[in-house]
Every structure is written in structure tokens, then in C-alpha cells.
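Analysis of the macromolecular model
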Amino acid sequence: QVQLVESGGGLVQPGGSLRLSCVSSGSIWSFFPTAWYRLIPGKPRELVASITSGGSTKYADSVKGRFTISADSAKNTMFLEMNNLKPEDSAVYYCNFRPPTETWGRGTQVTVSS
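This report concerns the structure included in the present document. (Residues numbered from 1 in each chain as written. Predicted model: local features only at pLDDT ≥ 70, side-chain atom pairs only at ≥ 80, totals over all residues. Heavy atoms only, no water.)

With respect to the overall build of the protein
Put simply, the rule reads: Elements are defined by DSSP. Helices are runs of H or I of four residues or more, strands are runs of E of two residues or more, and each kind is numbered from the N terminus. This radius of gyration counts C-alpha atoms alone. The globule rule is 2.2 Å times how many residues there are, raised to the power 0.38. Only protein chains enter the accessibility calculation, which uses a 1.4 Å probe; a residue whose area is less than 20% of its type maximum is buried, one above 50% is exposed, and one in between is partly exposed. Contact definition: two residues touch when any of their heavy atoms are within 4.5 Å. Shrake-Rupley sampling with a 1.4 Å probe provides the accessible areas, and residues are treated as covered by the protein chains on show and by no other component. Working convention for charge: Lys and Arg count positive, Asp and Glu count negative, and His plus the chain ends are omitted. Here the site of a charge means atom NZ of a Lys, CZ of an Arg, CG of an Asp or CD of a Glu.
Across its full length, the protein carries zero helices and 10 strands. Written out in order from the N terminus, the α and β elements of the protein read β-β-β-β-β-β-β-β-β-β. Scaling as 2.2 N^0.38, a compact globule of 114 residues should have a C-alpha radius of gyration of about 13 Å, and the protein matches this with 13 Å. Projecting the C-alpha coordinates of the protein onto the three principal axes gives extents of approximately 40 × 25 × 20 Å. In the protein, which comprises 114 residues, the proportion classed as buried is 39%. Residue pairs at least 24 apart in sequence account for 54% of intrachain contacts in the protein once pairs closer than 6 positions are excluded. Surface summary for the protein: the accessible area is close to 6,200 Å², and the carbon and sulfur share equals 51%. A distance of 1 Å separates the average location of the 11 positive side-chain charges in the protein from that of its 8 negative side-chain charges.

Let's talk about unusual backbone geometry
Pro99 follows Arg98 through a cis peptide bond whose omega is 0°. Tracing the sequence through the fold places Pro99 in the loop between β9 (91-97) and β10 (108-112). With a phi angle near 55°, Asn76 is a residue other than glycine that sits in the positive phi range. Position of Asn76 relative to the elements: it lies in the loop between β7 (67-72) and β8 (77-82). You can call Asn76 buried: its relative accessible area is 17%. Positive phi values are uncommon outside glycine, yet Asn84 reaches one of about 50°. Relative to the helices and strands, Asn84 resides in the loop between β8 and β9.

Quick look at the pairing of β10
Worth spelling out the cut-off: Two strands are counted as paired when DSSP detects at least two bridges linking them.
Side-chain alternation along β10 places Thr108, Val110 and Val112 on a buried face and Gln109 and Thr111 on a face that remains uncovered. As paired elements, strand β2 (residues 10-12) and β10 share three bridges and run parallel to each other. For Gly10, the partnering residue across the bridge sits in β10 and is Val110. Pairing between β9 and β10: three bridges, direction antiparallel.

Here we look at the pairing of β7
Across six bridges, the pairing between β7 and β8 is antiparallel. Considered in β8, the bridge of Phe67 is made with Met82.

Structure representation (C-alpha cells):
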């Protein structure tokens, strides 16, 4: 099965930026719709952004204009560029397909705080 490994999270100040990466164990980003999700303790997992094999993107209203999803199929890597981060963006971020499979990776923690 495909394995997904997220990285790039960390602690940043409000208004700061981060670039998350998701590396797959196979060439999948060119063939299936993929997405970034985030999980805040006590709340349902949220769809943050998605991208189709044709490059069409969609974003949650809360991140429009601030986040950008992209993929490098040659490197089997998907990215999420996050700008002007807010405290409410703090969460564990995961990559997966859209709709997601039942198997999730470890995710990468993003903490936005002063």
C-alpha cells in the first residue's frame, strides 16, 4: 500500500509562514485527487486544500488567499505553502487522497503562537 510521510511543521509566530511536504512511496499524485487535512483536538478532521491530477485546486474558506497546494510528481511530493498563519491554524496536518483512505500517516504539527 501507499505510505505517506508529512514533514515541515513547527512553531511559528502569528503572521509567519511554513511549507509542509508530503512524500509518497509511489507515483500517485499525478493520478488521483489529493489533499491536505488538519486535525484540531476535539474537532472533526478538516479538509484544508485539494488538488486534482489536472492541477485544479480548492481551499477551505478559512485559508483562501493564504495557503497554496501544489505537487511535484517527479519527486512524488505534495506541498502546502502556508502564509500569514493565525493561531487558529494550529493543528496536526495530514496528507491523503480525496476522499481520504482509512489509513493516515503521523501528520506534522503546526503551532502558531506568540
